[in-house]
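Fold and contact review
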Amino acid sequence: MTDERYDPAEVEPRWQAYWQEHDTFRTDEEKEPRFYILDMFPYPSGSGLHVGHPEGYTATDIVARYHRAKGHGVLHPMGWDAFGLPAEQYAIKTGTHPRDTTQKNIDTFRRQLKMLGFSYDWSREVDTTDPSYVRWTQWIFLKLFERGLAYQNEIAVNWCPALGTVLANEEVVGGLSERGQHPVVRKPLRQWVLKITEYSDRLLAGLEGVEWPKSTETMQREWIGRSEGAEVHFPLVDAEGELSVFTTRPDTLFGATFMVVAPEHESVAKITTDAQREAVTAYVAEAANKSDLDRKTAKQKTGVFTGGYATNPVNGAKVPIWIADYVLMGYGTGAIMAVPAHDERDFEFAKTFDIPIVEVVSKTGKASSAPLESAMAGEGVAVNSGAYDGLSTAEFKTRIIANLEAKGQGKGRVETKLRDWVFSRQRYWGEPFPIYFPVDTDGDPRAGADYAIRYDEPIAVPESELPVRLPELDDFRPGEDPAGVLARAKDWRFFQQDGKWFARETNTMPQWAGSCWYYLRYLSPHNDEAIFDAEQAERWLPVSLYVGGAEHAVLHLLYARFWHMVLYDAGVVSVPEPFGKLVHQGMILGEVEYTTQAGDKLAAADVKKNADGNFVLEADGSTPVTARAYKMSKSRGNVLNPDDVVERFGADSMRVYEMFMGPLEATKPWSTSSIGGVRRFLDRVYASVLRAEPVEADEALMKLAHRTIQKVTGDIEALRFNTAISAMMVLTNALVRAEHVPAEIASMLVRLVHPFAPHLAEECWLKLGHEPSVQFADWPEFDPALCVDDEVEVPVQVNGKLRGKLMLAKDASEETALSAARELGGVARQLEGKTLRKVIWVPGRILNLIVG
RNA sequence: GCGAGGAUGGCGGAAUUGGUAGACGCGCUGGAUUUAGGAUCCAGUGGGCUUUGCUCGUGCGGGUUCGAUUCCCGCUCCUCGCACCA
């Protein structure tokens, strides 16, 4: 009996079938307190799960199983973010409908997740491409539309000809599409835009109340990029009107020695003098052709004088106006007042073009005697600023804004970097917009009659007609028609109502749409009457724990919060923020690779570390070797497939290994040999359970068990899974060494192991003679009295160096400790012939004797 | 350049209201068992030395303290994010 090995290949599928058959993980609505434990749902790609997915999923699964064992209510669902480009591109290549590809990929992902034993309530599975889901995505869009938060605009967007679609700024990296690395050009197109900027203050304020990684909070803050300043109007000298600028430093107005407008600025033509027109036109043309990448990599400031001047409202000075591409049209007013003394960029520009630099802020309160060598961007005291001299930066700002407002020369203004969200794409595989437009035509546009679509009169599709389904197409290629792929589906696009012709919106929504609100649909995924039951929302929101990759720190999490706030304002949800606690699991890298400088791969055994701490060849200490783990990628060939890992070691081993690698949030390299150690641990747990007997545990073992319960419980709550596993290993090793394994201790261990290695735990629970499932067994409680020792080991130092150890009662006195310490050989030797000058005694912690 | 995080044995990592550095695991070494094993079990394992013990040691250089991986100051390197946002 005792030599029976644990066989995951047989045991794991058996318990998976059991859980499915018995609906073990169905959400229990009645139990309290309640925990909504959420994973970022995956995009079901064609390559299946990679080993990074199960990291976060295992973490949440442990927490979910732990809370169920504690008798708490748990909502732990899973679904699919299934719209997206790859399925569409695959369709273009092979003619396979994206729906078929998506369905196949979802089946693979579901199989793999079940193979890993995750305790999802599969009855709540959602799929963003399912018409019954799309219906509510469209419903939310209508809410946005009704509230004036969705509008159309002709804007210069990132058009990617290869993909045949517009990309969001964040989907363009270095002038290339994030997916596929195709060139992207700027092109004005009619787009749907969501007014996320209207929520920027609330998106900022809401961050106060959430329990998120600080780095993520900071990234969101910086992405929103709120800055307070002033808009100042500079009257033009030789032309009508004025030039308005935004500045965060109105206190430096007296130092504005020139102005700069963006090349795209509407006033360029008006400001430019005939003498300068040729040079300006050339510069504008050049700037228009520059990609974002060119602009970013340009080291030298460029620009051209327009020939025009404006008047500085505070001192009447005549300042020259330049155009330069370091001023961006998309921020502020697209024009700046340049204060070279106190802005690095302006300083650099002034140096390049020999423009005067006037110091108006000084740290000391006195103007510098020598010319400035660099811009002083900090705060200080005003100089060379007329009546304002001597004011601090803060005071100056307040005063001058008030004065500008009084004279109608400007006003206080708040700017954000956050732009409104370009929400339309020209693809097939996305949610259609529930919008249509009147059409002017004298025939049947489907049959080729001329038509004009009145895009400025969008009409909402009635709620009762949702969802607007995608038309069937067999050609998914992007066309030249910037109205999108759907424009080719004429029978779908055009329809008649009361004798008038109408045209549907042919753009589709971006992939973010479905992922913005999926956590809400999990509340009641089968509800056909409403987006979800209000009662369910009351019960489960906000999400208690949200785990997912840091790559979503800004976009997904910001967009989802925005939609949530809109739904809050619409009275649909009753909590202001969707996600309470947020954790990002770290990336799992490939195995460490040892390479020579020539790039040849080496085995770990051929490598050693030299005296300087560098890796070199074992055979030749002068040849340096690089030791590094790399991100898993197909091109590097270091991608691991969970199916292979499960086949070789079992799902429980994979789960426990991924949690044992290190802290959840850390980036860590994979090591196949280390999984073997975890597998041995699980084998020892099983072997110990098989040895369990109805005997009493001795005191030491009982104490160890209780301390393990305390440690594991605390570690699960704090998501410190690596140290929890370590503690369970210690207890297991003690059981392995014990002459008898008390059944009571084995039972405790199995219940602790359960959230980490559920299949093994179920099997062990059965072997111990209990009824399945271990999920319904009570979480073990520890007795605090058994977690403290009566006797403690106290280190004894002499002059701060360890010289011996004492076993003492935990409340032993200094006198007892001191006299016992003198008996220690190592201590006595150090004290010999010396005077005891001082005794440091921290009860139960340390005894330090200072001698001289 | 700016912001955030990090650096501990051959490797992954433990340990911070300052108190025995290296838990746990991998790897390695030796042993047991085995026809054999990349299976299992036992023991050892930070470096150095004149090895009952001494000494050095948590990226580098200082400081505070009886005592620093932990606190303070100044660096180096790595990872991630942002990058002309006025």
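In this text the structure is predicted, and so the values were computed from the model without any measurement.

1. Regarding helix 11 (residues 344-353)
All of the buried residues along helix 11 are Asp 346, Phe 347, Phe 349 and Ala 350. Looking straight down helix 11, one finds that the buried residues subtend no more than 165° of arc, so they occupy a single side. Pointing more than 90 degrees away from the buried face of helix 11 are the exposed residues Glu 344 and Lys 351. Residues of helix 11 that are buried in the fold lie against strand 12 (258-261), strand 14 (318-323) and strand 15 (335-338). The first or second residue beyond helix 11 is Asp 354, which carries a positive phi of 60°.

2. Side note on unusual backbone geometry
At the junction of Leu 466 and Pro 467, the peptide bond is cis and its omega measures out at 0° in the coordinates. Put simply, Pro 772 and Ser 773 share a cis peptide bond, and its omega is 5°. Residue Asp 498 is not a glycine yet carries a positive backbone phi of 50°. Relative to the helices and strands, Asp 498 resides in the loop between strand 23 (494-497) and strand 24 (500-504). The residue Leu 719 is not glycine, and still its phi comes out positive at about 60°.

3. Looking at the side chain of Gln 426
Mapping Gln 426 onto the fold places it in the loop between strand 19 (421-422) and strand 20 (435-441). On the accessibility criterion, Gln 426 (1% relative accessible area) is buried. Only 2.9 Å separates the side chain of Gln 426 from the side chain of Asn 507, close enough to count as a polar contact.

4. Quick word on the packing of aromatic side chains
Here the structure, examined in full by the defined rule, presents 51 aromatic pairs. With a centroid separation of 5.2 Å and an interplanar angle of 70°, the aromatic rings of Tyr 436 and Phe 495 are classed as edge-to-face. Note that Tyr 436 is positioned in strand 20 and Phe 495 in strand 23, a separation of 59 residues in sequence. We note that Tyr 436, like Phe 495, is buried. Ring-pair connections join several aromatic residues into one group, and the members of that group are Phe 141, Phe 145, Trp 192, Tyr 199, Trp 421, Phe 423, Phe 433, Trp 512, Tyr 559, Phe 562 and Trp 563.

5. Notes on empty space enclosed by the protein
All chains considered together, the criterion is met by one cavity of 30 Å³ or more. The computed volume of the largest cavity comes to approximately 40 Å³. If you trace the largest cavity, you find it lined by Phe 83, Gly 84, Arg 427, Trp 429, Gly 430, Thr 508, Met 509, Pro 510 and Gln 511. Residues of the lining of the largest cavity, tallied by class, amount to four nonpolar, four polar and one charged.

6. Observations regarding the protein's contact with RNA strand B
Around RNA strand B, the structure places 49 residues, and the nearest of them are Thr 248, Tyr 331, Arg 345, Met 729 and Asn 848. Counting only the atoms of RNA strand B that lie within 4 Å of the protein, the sugar and phosphate share comes to 62%. Residue Lys 301 places a side-chain N or O atom 2.5 Å away from a base oxygen belonging to RNA strand B. Note that a sugar or linking oxygen of RNA strand B is positioned 2.7 Å from one of the backbone N or O atoms of Met 661. Here the surface near RNA strand B gets six residues from one element, more than from any other, and that element is helix 22 (residues 721-737). Tallied by class, residues from the surface near RNA strand B come to 18 nonpolar, 15 polar and 16 charged.

7. A look at the pairing of strand 20
Judged by how many residues are buried, strand 20 sits mostly within the fold: five of seven residues are covered. Examined bridge by bridge, strand 20 and strand 22 (residues 459-460) share two bridges and lie antiparallel to one another. Its bridge partner being in strand 22, Ile 435 is matched across the sheet by Ala 460. Relative to strand 21 (residues 451-453), strand 20 runs antiparallel, the two being bridged by three bridges. For Val 439, the partnering residue across the bridge sits in strand 21 and is Ile 453.

8. Thoughts on the nonpolar core
Tyr 36, Phe 141, Trp 421, Phe 562, Trp 563, Phe 721 and Phe 756 are the most contacted members of the largest nonpolar core, which has 176 residues in total. Examining the composition of this core, we find that 10 residues originate from one element, helix 17 (residues 555-569), more than from any other. Both of domain 1 (148-195 + 421-504) and domain 4 (642-787) provide at least three residues apiece to this core. In this structure, Phe 141 is in contact with Ala 150, Trp 192, Leu 194, Phe 423, Phe 433, Pro 434, Ile 435 and Met 509, ignoring residues within four places of it in sequence.

9. So, the pattern of salt bridges
Counted under the stated rule, the structure contains 44 salt bridges. Here Glu 457 makes a salt bridge to Arg 454, at a shortest N to O gap of 2.8 Å. Using a relative accessible area of 34% as the deciding quantity, one classes Glu 457 as partly exposed. A salt bridge links Arg 720 to Asp 715, with the shortest nitrogen-to-oxygen separation between them at 3.0 Å. Exposure remark for Arg 720: the relative accessible area of 43% places this residue in the partly exposed category. Judged by its relative accessible area of 1%, Asp 715 is buried.

10. What about the domain arrangement of chain A?
Domain parsing of chain A yields domain 1 (148-195 + 421-504), domain 2 (227-413), domain 3 (593-628), domain 4 (642-787) and domain 5 (791-851). Relative placement of domain 3 and domain 4: their C-alpha centres are 38 Å apart.

11. Examining the packing of helix 19 (residues 651-660) against helix 22
Working note: a packed helix pair is described by the angle between its axes plus the distance between those axes. Interaxial distance between helix 19 and helix 22 falls to 7 Å at its minimum, and their mutual angle equals 115°. Of helix 22, the residues touching helix 19 (which contributes Val 656, Met 659 and Phe 660) are Phe 721, Asn 722, Ile 725, Ser 726 and Met 729. Taken together, the residues of the contact of helix 19 with helix 22 break down into six nonpolar, two polar and no charged.

12. Describing the sheet that holds strand 38 (residues 836-842)
With mixed pairing, four strands are arranged side by side in an open sheet as 37-36-39-38. Strand pairing shows two members of the sheet lacking a second neighbour, strand 37 (801-809) and strand 38, which therefore form its edges. Neighbour to neighbour, the strand axes of the sheet diverge by 20° on average, direction disregarded. Bridge count between strand 38 and strand 39 (residues 846-851): six bridges; the pairing is antiparallel. Considered in strand 39, the bridge of Val 839 is made with Leu 849.

13. Some points on the side chain of Glu 88
Structurally, Glu 88 can be placed in helix 3 (residues 85-94). Of the side chains bearing the opposite charge, Arg 427 lies closest to the buried Glu 88, which forms no salt bridge; the N-O distance is 5.3 Å. Apart from the residues within four sequence positions on either side, Glu 88 is in contact with Pro 98, Arg 427, Tyr 428, Trp 429, Phe 476 and Val 485.

14. Here's the deal with the packing of helix 4 (residues 98-115) against helix 18 (residues 642-649)
It is at 11 Å that the axes of helix 4 and helix 18 come closest, and there the two elements cross at 30°. In terms of their interaxial angle, helix 4 and helix 18 are classed as roughly parallel. Crossing geometry of helix 4 relative to helix 18 is assigned as left-handed. Contacts from Arg 111, Gln 112 and Met 115 in helix 4 reach Pro 642, Asp 643 and Val 646 in helix 18. Within the contact of helix 4 with helix 18, the residues separate by chemical class into three nonpolar, one polar and two charged.

Criteria and thresholds
- Residues numbered from 1 in each chain as written.
- Chains lettered and ligands numbered in written order.
- Predicted model: local features only at pLDDT ≥ 70, side-chain atom pairs only at ≥ 80, totals over all residues.
- Heavy atoms only, no water.
- Buried < 20%, exposed > 50% of the residue type's maximum accessible area, 1.4 Å probe, protein only.
- Helix = DSSP H or I, 4+ residues; strand = E, 2+ residues; numbered from the N terminus.
- Arc of directions from axis to C-beta.
- Contact = heavy atoms within 4.5 Å.
- Polar contact = N/O pair within 3.5 Å; in protein donor to acceptor, adjacent residues only side chain to side chain.
- Phe/Tyr/Trp six-rings, centres within 6.5 Å; stacked < 30°, edge-to-face > 60°.
- 1 Å grid on protein atoms, 1.4 Å probe; cavity = no way out; pocket = protein on both sides within 12 Å on 5 of 7 lines; lining within 4 Å.
- Points joined across faces, edges and corners; volume = space filled by probe spheres on them.
- Nonpolar A, V, L, I, M, F, W, Y, C, P; charged D, E, K, R; others polar.
- Near = heavy atom within 4 Å.
- Pairing = 2+ DSSP bridges.
- Core = buried A, V, L, I, M, F, W, Y, C linked by side-chain atoms within 4.5 Å.
- Domains from an automatic or database assignment.
- Salt bridge = Lys/Arg side-chain N within 4 Å of Asp/Glu carboxyl O.
- Axes fitted to C-alpha atoms, helices over the stretch in contact; angles between N-to-C directions.
- Lys, Arg positive; Asp, Glu negative; His and termini not counted.
- Parallel < 35°, antiparallel > 145°, perpendicular 65-115°, else oblique.
- Left-handed = near helix turned anticlockwise from the far one by under 90°.

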